[in-house]
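Residues per chain, in single letters:
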Amino acid sequence: MNPIAHIQIAFASYLQKTFGIDEKLAQSCNFVLNVDPNKQDFGDMSANAAMVLAREKKQNPRAIAQQMLLEFKHPYIAKIEIAGPGFLNAYFTQHAIHDLAKDLAQKKADFFKLEDDTQKHRYDIEFVSANPTGPLHLGHGRGAIIGDVLAKVLTFLGHEVTKEFYINDAGNQINKLGISFKVRCQQAAGIESELPEDGYRGEYLLDLAASLIKAEGTSVLQRPDSFFEQYAKEYLLEKIKQTLEDYGVRYDVWFSEKTLHEGGHIERAIKLLQEHNFIYEHENALWFASTKFGDDKDRVVRKSSGEWTYVAADIAYLLNKAKRGFDHLVMVLGHDHHSYAVRLEGIRQALGLSRIHLDIILYQLVTMKASGQLVQMSKRAGTMVTLTDVIDEVGTDVARFFYLNRKADAQLEFDLDLALKKTEENPVFYVQYAYVRTGSILQKASEHAPLADISAQDAQHLGAPEALLIKKISSLKHLLETIASTHQTHQLTYYTIELADLLHRYYAQNRVIEIDSVPQSRGRLFLIQLLRDTFAITFDLLGISKPIKM
């Protein structure tokens, strides 16, 4: 057990025994690691336990803090101070830093993973799920990276994760696609024909139509409408798959909405809700009583014409996921799906799926700025920036990092000019340069025999300048657990930038390789190796490359 966990477990036990509180409350007011470079005077760990307990016990917080200071002792804590109204600031012994560093070196990636199997779950993460009616556009890149990185983090921690793409291939959008494509084929054959007002006008259909007419001739126009729907859908779906592959996103499941309609899944799901009186008939249509679960209105599941709606498919799809054994469902959706999120939660409750956790991540709009101007886009008009355009222009690494480098519920402005820079202004260049720097330092050190074979034993040579970086490295464990629970994946880019900043600052202030001071150099090289390993972990989780030189 690492020193941080050792202190936290001991303090939680002390709080429970001394103040008679439960484990949950004790954990909520436990010591947390201080990795803020501007607040190192406030100790290595701090706790607000005295303030929390003062509210519970109706006592003075400083009096409680004074009691804790006198009673709580730990071999890894050199001293505890009281600050402000009752904060406890704890300072590590040098032995604590050494043992923490040793644990990092010996466990490597396992240091950051979950140890308790009871904390591990089966996740289904559905993201992107764009209609196969056109190429992925600028905005889809954000949902894709949020879902993909969340899946990587959860998998790394030890959860079982399925990444899923829901193919909307059974609705009116596919009918419109087929009509639009057929018109484009007619035009390519020299036949005068007009696109419907709500048709798809992108150049991708012009190119596809020209290709089809060239390959099969005008006789293809005699094919039924379903042919044009299927042909365009399959082509565009393959394009979507290729774009996501180029983006570094690979799915485990491509789920067709059409299968829900063809296999009787919808009928069975609706029947289940009928048995619980959540389906009623009105004006020859079937309705889901979603207002019982906080929705602003009830939703039609079967029209008076007998046609199932997308809500009916959603009900069947959620039930399908439950039957596949997932206990955590995550969906990544655009901000305009807020009402959909409310409705889906109502469906979960109506189906009696209380054991299943459902989390909806809503992300805000993405805009692109080039040469100081916003780039305008419209999918139907055909003037759009595709995700492929972005990847081709800036590369996969930059695209992934830039899309993730902001909180999901805040609007993201993709600065193309910054993305193309090869300087430290570009955060991707900045963090990758930090990784390259660690490799360069270790390579130079390997040329000196006294500095060879750096190992965990060299942790004993770590000094005060290395303590903050050791703490920052170890804080990745808590960060990944936080991302798993809050799904705030942008925190990983922030962490990586902060780690790079600390490395560059450390390197500017400390000579790492000094042959006249071998023990100190070995300790510092040990730190550099830990940093390199940590960058490698975060880069893999972010899905960006680890360059050898730049």
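Our structure's up above, just so we're on the same page.
Residues numbered from 1 in each chain as written. Predicted model: local features only at pLDDT ≥ 70, side-chain atom pairs only at ≥ 80, totals over all residues. Heavy atoms only, no water.

1. Brief notes about the pattern of salt bridges
- Tallying each qualifying case throughout the model produces 32 salt bridges.
- For K303, the salt bridge is made with E307, and the minimal N-O distance between the two is 3.8 Å.
- Residue E307 is classed as partly exposed on the basis of its relative accessible area of 38%.
- The partner of D458 in a salt bridge is R522, with the nearest N and O atoms 2.8 Å apart. (Salt bridge = Lys/Arg side-chain N within 4 Å of Asp/Glu carboxyl O. Buried < 20%, exposed > 50% of the residue type's maximum accessible area, 1.4 Å probe, protein only.)

2. Overview of the packing of helix α7 (residues 172-188) against helix α8 (residues 203-216)
- Axis separation between α7 and α8 bottoms out at 8 Å; the angle between their running directions is 60°. In terms of orientation, α7 and α8 fall into the oblique class. α7 and α8 meet at a crossing whose hand is right-handed. Residue-level contacts link L177, S180, F181, R184, C185, Q187 and A188 of α7 to L205, L206, L208, A209, A210, L212 and I213 of α8.
- Residues that form the contact of α7 with α8 fall into these classes: 11 nonpolar, two polar and one charged. (Axes fitted to C-alpha atoms, helices over the stretch in contact; angles between N-to-C directions. Helix = DSSP H or I, 4+ residues; strand = E, 2+ residues; numbered from the N terminus. Parallel < 35°, antiparallel > 145°, perpendicular 65-115°, else oblique. Left-handed = near helix turned anticlockwise from the far one by under 90°. Contact = heavy atoms within 4.5 Å. Nonpolar A, V, L, I, M, F, W, Y, C, P; charged D, E, K, R; others polar.)

3. Observations regarding the packing of aromatic side chains
- Considering all chains together, one arrives at 27 aromatic pairs under this definition.
- Ring centres of Y166 and F255 lie 6.2 Å apart, and the angle between their planes is 25°; this geometry places the pair in the stacked category. Taken together, the residues Y166 in strand β6 (residues 160-167) and F255 in strand β7 (residues 253-256) connect sequence positions 89 residues apart.
- Taken together, a centroid distance of 5.2 Å and an interplanar angle of 80° make the contact between F227 and F228 edge-to-face.
- Above the face of the W254 ring, K241 is positioned so that its terminal group lies 4.8 Å from the ring centre. (Phe/Tyr/Trp six-rings, centres within 6.5 Å; stacked < 30°, edge-to-face > 60°. Lys NZ or Arg CZ within 6 Å of the ring centre and 35° of its normal.)

4. Some remarks on the sheet that holds β7
- The parallel open sheet is built from five strands, whose spatial order is β7-β6-β5-β11-β12. Only two strands of the sheet have a single neighbouring strand rather than two, namely β7 and β12 (357-363). The sheet shows a mean angle of 25° between the axes of neighbouring strands, direction not considered.
- Of the strand pairs in this sheet, strand β5 (residues 122-127) and β6 are connected by five bridges, and their pairing is parallel. Bridged to I125 within β6 is K163.
- Contacting β5, β6, β7 and β11 (328-334), helix α12 (residues 310-323) crosses the sheet at an angle of about 160° to β6. (Pairing = 2+ DSSP bridges.)

5. Details of the nonpolar core
- The biggest cluster of nonpolar side chains holds 129 residues, and the ones touching the most others in it are F11, L15, F31, M68, Y403 and L492.
- With 12 residues, the top contributor of residues to this core is helix α21 (residues 518-542).
- Excluding residues that lie within four positions of it along the chain, F11 makes contacts with C29, N30, F31, A47, A49, M68, F72 and L88.
- Core analysis: the next-biggest nonpolar cluster, separate from the first, contains 35 residues, F278, V301, F326 and I347 among them. (Core = buried A, V, L, I, M, F, W, Y, C linked by side-chain atoms within 4.5 Å.)

6. Things to note about the sheet that holds strand β3 (residues 77-83)
- What the four strands build is an open sheet, ordered β1-β2-β4-β3; its pairing is antiparallel. The sheet terminates laterally at β1 (32-33) and β3, the two strands that pair on one side only.
- Judged from the two bridges that link them, β1 and strand β2 (residues 45-47) form a sheet pairing that is antiparallel. Of the residues in β2, the one forming a bridge with L33 is M45.

7. So, the side chain of D169
- Looking at the secondary structure, you find D169 in the loop between β6 and α7.
- Reaching out from D169, the side chain makes a polar contact with the side chain of S256 at a distance of 2.6 Å.
- One polar contact links the side chain of D169 to the main-chain amide nitrogen of K258, over a distance of 2.8 Å.
- In this structure, D169 is in contact with I174, K233, S256, E257 and K258, ignoring residues within four places of it in sequence. (Polar contact = N/O pair within 3.5 Å; in protein donor to acceptor, adjacent residues only side chain to side chain.)

8. Some points on the environment of S226
- With respect to the helices and strands, S226 occurs in helix α9 (residues 225-246).
- For the pair S226 and N175, spaced 51 residues apart in sequence, the C-alpha separation works out to 8.4 Å.

9. Examining helix α19 (residues 476-486)
- Within α19 the residues assigned to the buried category are L476, K477, L479, L480, I483 and A484. Looking down the long axis of α19, one finds its buried residues gathered within 165° of arc, a one-sided arrangement. For α19, exposure combined with an orientation more than 90 degrees from the buried face picks out H478 and S485.
- Where α19 is buried, its residues meet β5, α6 (140-157), α18 (464-474), α20 (490-509) and α21.
- Where α19 ends, the next residue or the one after it, H487, has phi of about 65°, a positive value. (Arc of directions from axis to C-beta.)

10. Some words on unusual backbone geometry
- Backbone geometry at D453 places phi at a positive 55°, although glycine is not the residue there.
- Counting through the fold element by element, D453 comes out in the loop between α17 (427-445) and α18.
- Classification of D453 by relative accessible area gives exposed; the value is 71%.
- In this model, H487 sits at a positive phi of 65°, which is unusual for a non-glycine residue.
- Position of H487 relative to the elements: it lies in the loop between α19 and α20.

11. Here we look at the pairing of strand β15 (residues 412-415)
- With burial as the criterion, only one face of β15 is covered, namely that bearing L412 and F414; the residues E413 and D415 on the opposite face remain uncovered.
- Pairing of strand β13 (residues 366-370) with β15 involves four bridges; the strand directions are parallel. Among the inter-strand pairings, V366 is bridged to a residue of β15, identified as L412.

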